[in-house]
Amino acid sequence: MWILFGGTFINRFGTFVMPFLVIYMTRNGYSPAQAGLAVSAYGSGHLLASLLGGHLADAIGRRHTIALSMFCSAAAMVALSQARGIVAILAVSAIAGVSAELYRPAAGALLGDLVAPEQRVTAFAMYRLAINLGFAVGPATAGFLADRSFLYIFLGDAATSTLYGIITLTLLPHGLRNQTRDESAMTGVRVALRDRVFVRFLIATLCITWIEFQTHSTVPLYIVDQGFTASTYGALMSINGAMIVLFELVIIAWTQRLAPQPVIAFGYALSAIGFALTGLAHSVPMLAMTVVVWTLGEMIYAPVTGAFVTTIAPERYRGRYQGLWMLTWSIGMLLGPALGTLVYERYQPALWIACAVTGVIAAVLALGGPSRAKAAAIRADR
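Just so it is clear, the structure is predicted and the values come from calculations on it, not from any experiment.

Student: I keep staring at the overall build of the chain and nothing clicks. Help me out?
Tutor: Along the backbone of the chain there are 17 helices and 0 strands. A globule of 382 residues ought to have a C-alpha radius of gyration of about 21 Å, and the chain, at 19 Å, matches this closely. With the principal axes as the frame, the chain shows a C-alpha extent of 55 × 40 × 35 Å. A total of 382 residues make up the chain; the buried ones form 57% of that total. Pairs at least 24 residues apart make up 87% of the contacts formed inside the chain by residues separated by at least 6 positions. For the chain, the distance from the average position of its 24 positive side-chain charges to the average position of its 16 negative side-chain charges is 5 Å.

Dropping the structure here:
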């Protein structure tokens, strides 16, 4: 488990390219809408990676899936640095999305394999701590590098992915694998989609994901439009990681004792409000305040959602459940940047209002069905 956390930290620290892809493209003469399409192309790759990664995690083992993801991601980031022309950039961004995100269902499933049910909220919080400890210093480092040469952020991203791949192959266990080799890859997906509690949770999560991915599209555009630099954006995003490192474990001491769905609903609503407030922020302190608000919402819901999915998933389909959950984030990555930049270009206030409204819808959906969720968890344990 600690090896998984350490490798995750290294990889997340080096996730330099995606937070700065919009700025990289607009500085090279592309329009905000074209830059948004590039992020959405990455999201289209994420879409395939969620389902494929979930299947591979159950079929060939968590370790092999993570290693495959890391080595392919390193190659894709180097290729993206050399891509010229909008068609080439969109194509390589999609490939990078598949390779870089393939590991996520496997990592979540491996964590579920290693940790007892009563410790899962804490374990997922520690996993997020590793992610966000890297994110606390990664964007600021990437901003420093980007102000000198954007090539450095592509090469740094590739190097850290390669290092995580080596750690995975040499030190991580395989984790559980599905022993039914003749089973269709879609069998686990069909089982998950018959779980009404899980489906409702997926719809709620889908409502919040497009908002979250404004951090990689319209939020940096808004910050630059206010007259600030790429380094300012990197520093503001680092507040998110720093807060999670300092406060999330304290918060879960309270949230892990509560029913999961109300906690998730409250976190979704608070996060959406924080993003909506961005449209009212015109100074660095005000922008920092919005980051604090949506980060607080994230700290409330994120560790609980990971544990919630692991608990309600049948053991043999744990990778598939994780993959479908990641699929909602893939769809958000695919649609969020494109829709957000489109609305931003036409009427900016409508974007921030839409964030608030969608967040309320997500909270209402996440709040429903606690008794069924409890029943599903009991069935999964049995």
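Student: Looking at this structure, I do not really get the pattern of salt bridges. What am I missing?
Tutor: Side-chain pairing between opposite charges can occur once the charged atoms of the two side chains come close. The final tally for this structure, using the stated rule, is 5 salt bridges. Measuring nitrogen to oxygen at the nearest pair gives 2.8 Å for the salt bridge that ties Asp113 to Arg62. Placement of Asp113 in helix α6 (residues 104-114) and of Arg62 in helix α4 (residues 62-82) is noted, with a sequence separation of 51 residues between them. On the basis of relative accessible area, Arg62 is assigned to the buried category, the value being 1%. With a shortest N-O distance of 3.3 Å, Glu298 and Arg128 are connected by a salt bridge. With Glu298 in helix α14 (residues 284-312) and Arg128 in helix α7 (residues 120-146), this residue pair connects regions lying 170 residues apart in the sequence. Residue classification places Glu298 among the buried residues on the basis of a relative accessible area of 10%. Through salt bridges with shared partners, a single ionic network connects Arg62, Asp113 and Arg318.

Student: Please clarify how empty space enclosed by the protein should be interpreted in this entry.
Tutor: A probe matching the size of a water molecule, rolled over the atoms, marks out where space remains unfilled. Tallied over the full model, the rule gives 2 cavities of 30 Å³ or more. Approximately 990 Å³ is the volume attributed to the largest cavity. In terms of lining residues, the largest cavity is bounded by 42 residues, among which Arg12, Arg104, Ile131, Glu298 and Trp329 are the most central. The residue makeup of the lining of the largest cavity, split by class, is 21 nonpolar, 14 polar and 7 charged. Quantified by volume, the second largest cavity comes out at close to 50 Å³. Forming the boundary of the second largest cavity are Val219, Ile223, Leu236, Met237, Thr278, Leu287, Thr290, Val291 and Trp294. Listed by contribution, the elements that provide at least two residues to the lining of the second largest cavity are α11 (218-225), α12 (230-255) and α14.

Student: Hey, could you run me through the packing of aromatic side chains in this one?
Tutor: Any two aromatic rings considered together are summarised by their centre-to-centre distance and by the angle between their planes. By the definition in use, this model includes 13 aromatic pairs. Measuring from centroid to centroid gives 5.2 Å for Tyr24 and Phe154, while their planes differ by 70°, and the two rings are edge-to-face. Taken as a pair, Tyr24 in helix α2 (residues 17-27) and Phe154 in helix α8 (residues 150-171) lie far apart in primary sequence, 130 residues in all. The same class applies to Tyr24 and to Phe154, which are both buried.

Student: Can you help me understand the packing of helix α10 (residues 196-212) against helix α15 (residues 318-346) in this one?
Tutor: Helix packing geometry: the angle between the two helix axes and the distance between the axes. Two numbers describe how α10 lies on α15: the axes approach to 8 Å, and their chain directions differ by 30°. In this view, α10 runs roughly parallel relative to α15, as classed from their interaxial angle. Like other packed secondary-structure pairs, α10 and α15 cross with a definite hand, here right-handed. Contact with α10, carried on its side by Phe198, Phe201, Leu202, Thr205, Leu206, Thr209, Trp210 and Glu212, involves Tyr321, Leu324, Trp325, Thr328, Trp329, Ile331, Gly332 and Gly336 of α15 and no other residues of that element. A per-class count over the contact of α10 with α15 returns 10 nonpolar, 5 polar and 1 charged.

Student: Looking at this structure, how should I read the side chain of Thr215?
Tutor: Tracing the sequence through the fold places Thr215 in the loop between α10 and α11. At a separation of 2.9 Å, a polar atom in the side chain of Thr215 contacts the main-chain carbonyl oxygen of Glu212. Discounting chain neighbours no more than four positions away, the residues touching Thr215 are Pro220, Tyr233, Met237, Phe275 and Trp294.

Student: How do you make sense of α14 when you look at a structure like this?
Tutor: Count 3.6 residues to each turn of an α-helix, and residues three or four apart come out pointing the same way. Its 29 residues give α14 an end-to-end C-alpha distance of 42 Å, which sits within 8% of 42 Å, the value for a rise of 1.5 Å per residue. Maximal helix bending in α14 amounts to about 25°, located at Tyr301; proline Pro303 follows within four positions. Burial runs high along α14: 22 of the 29 residues are buried.

Student: Even after reading the chapter, I still don't get the state of the cysteines, so can you show me in this structure?
Tutor: In the structure shown here, the tally under the stated rule is 0 disulfides. The thiol sulfur of Cys355 is not disulfide-bonded, and the nearest other cysteine sulfur, from Cys207, lies at 12 Å.

Student: Where do I start with the environment of Ala59 in this structure?
Tutor: Along the chain, Ala59 turns up in helix α3 (residues 32-59). A sequence separation of 260 residues divides Ala59 from Gly319, and the C-alpha atoms of the two residues are 9.0 Å apart.

Student: What should I look at first to understand the nonpolar core in this one?
Tutor: As a rule of thumb, nonpolar side chains are buried together in soluble globular proteins. Phe20, Ile153, Phe198, Phe201, Met237, Tyr268 and Tyr321 are the most contacted members of the largest nonpolar core, which has 91 residues in total. Looking at which element gives the most residues to this core, the answer is α14, with 13 residues. Those residues in contact with Tyr268, other than ones at most four positions away along the chain, are Phe201, Ala204, Thr205, Ile208, Tyr301, Thr305, Ala362, Ala363 and Ala366. Leu4, Ala57, Leu111 and Val115 belong to the second largest nonpolar core, which has 24 residues in total.

The rules behind these values
Residues numbered from 1 in each chain as written. Predicted model: local features only at pLDDT ≥ 70, side-chain atom pairs only at ≥ 80, totals over all residues. Heavy atoms only, no water. Helix = DSSP H or I, 4+ residues; strand = E, 2+ residues; numbered from the N terminus. Rg over C-alpha atoms; globule rule 2.2 N^0.38 Å. Buried < 20%, exposed > 50% of the residue type's maximum accessible area, 1.4 Å probe, protein only. Contact = heavy atoms within 4.5 Å. Lys, Arg positive; Asp, Glu negative; His and termini not counted. Charge placed at Lys NZ, Arg CZ, Asp CG, Glu CD. Salt bridge = Lys/Arg side-chain N within 4 Å of Asp/Glu carboxyl O. 1 Å grid on protein atoms, 1.4 Å probe; cavity = no way out; pocket = protein on both sides within 12 Å on 5 of 7 lines; lining within 4 Å. Points joined across faces, edges and corners; volume = space filled by probe spheres on them. Nonpolar A, V, L, I, M, F, W, Y, C, P; charged D, E, K, R; others polar. Phe/Tyr/Trp six-rings, centres within 6.5 Å; stacked < 30°, edge-to-face > 60°. Axes fitted to C-alpha atoms, helices over the stretch in contact; angles between N-to-C directions. Parallel < 35°, antiparallel > 145°, perpendicular 65-115°, else oblique. Left-handed = near helix turned anticlockwise from the far one by under 90°. Polar contact = N/O pair within 3.5 Å; in protein donor to acceptor, adjacent residues only side chain to side chain. Expected span 1.5 Å × (residues − 1). Bend = angle between axes of the 7 residues up to and from the residue. Disulfide = S-S within 2.5 Å. Core = buried A, V, L, I, M, F, W, Y, C linked by side-chain atoms within 4.5 Å.

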